[in-house]
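Now for the letters of each chain:
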Amino acid sequence: MRLPGADRPLLAFIGGTGPEGRGLALRFGQAGYDVIVGSRSPERAESIAHELSLSLPHANVEGRSNDMAAAEGDMAILTIPYAGLKETLPPLEGPLRGKIVVSAIAPVEFPEGRPVALRVEAGSAAQEVQTCLPKSRVVSAFQTVDAHVLGDLSSELDTDVLVCSDDQEARREVIRMAGDLPGVRALSAGRLSASRYLEEVTALLIVLNRIYKAHSGFRITGIKY
Ligand SMILES: NC(=O)c1ccc[n+]([C@@H]2O[C@H](COP(=O)([O-])OP(=O)(O)OC[C@H]3O[C@@H](n4cnc5c(N)ncnc54)[C@H](OP(=O)(O)O)[C@@H]3O)[C@@H](O)[C@H]2O)c1
């Protein structure tokens, strides 16, 4: 069902009904990508897709169950909470085989209301995704991009997006894609094991947001690119 979007991958957001998935879908839709909003509930997916399409008259936006989204998309972006990873991914192993799967998951918990980065046995959520989806080309990106900023089209993104993967070509493709978003500079952060740092620093950004009542992002200095 590739409609307009032409040479760009059709993006399927697994768990696309939450703020992060909706926000990324909105920005990629605005940048000319066609998107599928995935959900455990096809009705919820359709409702959010309809909502997004009102802001994206030039993009094709569809709502599907997560498994249909995984099957129809050229590339998947995981925007589910870490707690749902082990249950959500195994049934998607077949439809996501051979495809680029981008993990935006940051395992952060809030014991006593304070953000704490979880220690993940695999090293990072993205590495756990790779274990669940051994035949997919897993890339880690977007953890440090705040959903509120993504969802507000009147605000400039103004951020770096660090991208890591063990698959160099997949990493390059996601760097190109993230760079299509105005205000984003996408940088390679090397191998997938670096995802741990991207995921953990998200907890720090949440602390900063609370102190400064802000929606902080991430800029690396000293790299001319
Ligand atoms: N919020 C941010 O600013 C932000 C920034 C950077 C990265 N992230 C990361 O992006 C991911 C999504 O963040 P979010 O704030 O959008 O999360 P969320 O609202 O808690 O969850 C997103 C969607 O995932 C589905 N979901 C919820 N629990 C699930 C479970 N146990 N199993 C499977 N699916 C489940 C829900 O969709 P359905 O009920 O429709 O299936 C929900 O709408 C998280 O991993 C987060 O760490 C968030």
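See the structure printed just above.
Owing to the predicted nature of the structure, the values given are computational and were not obtained by experimental measurement.

**A word on the site of the ligand**
Taken together, 21 residues surround the ligand, and among them Thr17, Ser39, Arg40, Arg44 and Ile80 come closest. Here an oxygen atom of the ligand and a backbone polar atom of Glu20 are 3.0 Å apart. Within the contact set of the ligand, an oxygen atom lies 2.8 Å away from a side-chain nitrogen or oxygen of Arg40. Considered on its own, the ligand offers 880 Å² of accessible surface; in the complex 76% of this is hidden by protein. For the shell around the ligand, a count of residues per class yields nine nonpolar, eight polar and four charged.

**What about the pairing of strand S10 (residues 184–188)?**
Across a regular strand the side chains alternate sides, sitting on one face of the sheet and then on the other. Burial analysis of S10 places four of its five residues in the buried class, which makes it a mostly covered element. As for the winding sense of the linkage, the β-α-β connection from strand S9 (residues 159–165) through helix H7 (residues 168–179) to S10 is right-handed.

**Describing the pattern of salt bridges**
Taken as a whole and judged by the stated rule, the model has 13 salt bridges. One salt bridge in this structure joins Arg172 and Glu169, with 2.8 Å as the shortest N-O distance. Of this pair, Arg172 and Glu169 both sit in helix H7, three residues apart, which is roughly one turn of that helix. Judged by relative accessible area, Arg172 falls into the partly exposed class, the value being 41%. Taken together, the shared-partner salt bridges connect Asp158, Asp160, Arg185 and Arg219 into one network.

**As for the side chain of Asn60**
Within the element layout of this structure, Asn60 appears in the loop between helix H2 (42–55) and strand S3 (61–65). At 3.5 Å, the side chain of Asn60 forms a polar contact with the side chain of Glu62.

**What about the sheet that holds S3?**
Pairing in this open sheet of eight strands is mixed, and the strands run S3-S2-S1-S4-S5-S8-S9-S10 from one edge to the other. Pairing within the sheet leaves two strands with one partner each, and these edge strands are S3 and S10. In this sheet, adjacent strand axes meet at a mean angle of 25° when their direction is disregarded. In terms of strand pairing, strand S8 (residues 137–140) meets S9 through two bridges, oriented antiparallel. Looking at S9, one finds that Val139 is bridged to Ser165. Helix-sheet contacts for H2 involve strand S2 (35–39) and S3, and the interaxial angle to S3 is about 170°. Along the sheet face, H7 touches strand S1 (11–14), strand S4 (75–78), strand S5 (100–103), S8, S9 and S10 and points at about 170° away from the line of S10.

**Quick word on the packing of aromatic side chains**
Enumeration over the complete set of coordinates arrives at two aromatic pairs. With a centroid separation of 5.8 Å and 85° between ring planes, the pair formed by Phe28 and Phe142 is classed as edge-to-face. Residue Phe28 is located in helix H1 (residues 19–30), and its partner Phe142 is located in the loop between S8 and helix H6 (147–151); the two are separated by 114 residues in the primary sequence. Connected via pairs of aromatic rings, a cluster forms that spans Phe28, Tyr33 and Phe142.

Calculation notes
- Residues numbered from 1 in each chain as written.
- Predicted model: local features only at pLDDT ≥ 70, side-chain atom pairs only at ≥ 80, totals over all residues.
- Heavy atoms only, no water.
- Near = heavy atom within 4 Å.
- Polar contact = N/O pair within 3.5 Å; in protein donor to acceptor, adjacent residues only side chain to side chain.
- Areas by Shrake-Rupley, 256 points an atom, 1.4 Å probe, with all protein chains shown as cover.
- Nonpolar A, V, L, I, M, F, W, Y, C, P; charged D, E, K, R; others polar.
- Buried < 20%, exposed > 50% of the residue type's maximum accessible area, 1.4 Å probe, protein only.
- Helix = DSSP H or I, 4+ residues; strand = E, 2+ residues; numbered from the N terminus.
- Right-handed = clockwise from strand over helix to strand, strands pointing away.
- Salt bridge = Lys/Arg side-chain N within 4 Å of Asp/Glu carboxyl O.
- Pairing = 2+ DSSP bridges.
- Axes fitted to C-alpha atoms, helices over the stretch in contact; angles between N-to-C directions.
- Contact = heavy atoms within 4.5 Å.
- Phe/Tyr/Trp six-rings, centres within 6.5 Å; stacked < 30°, edge-to-face > 60°.

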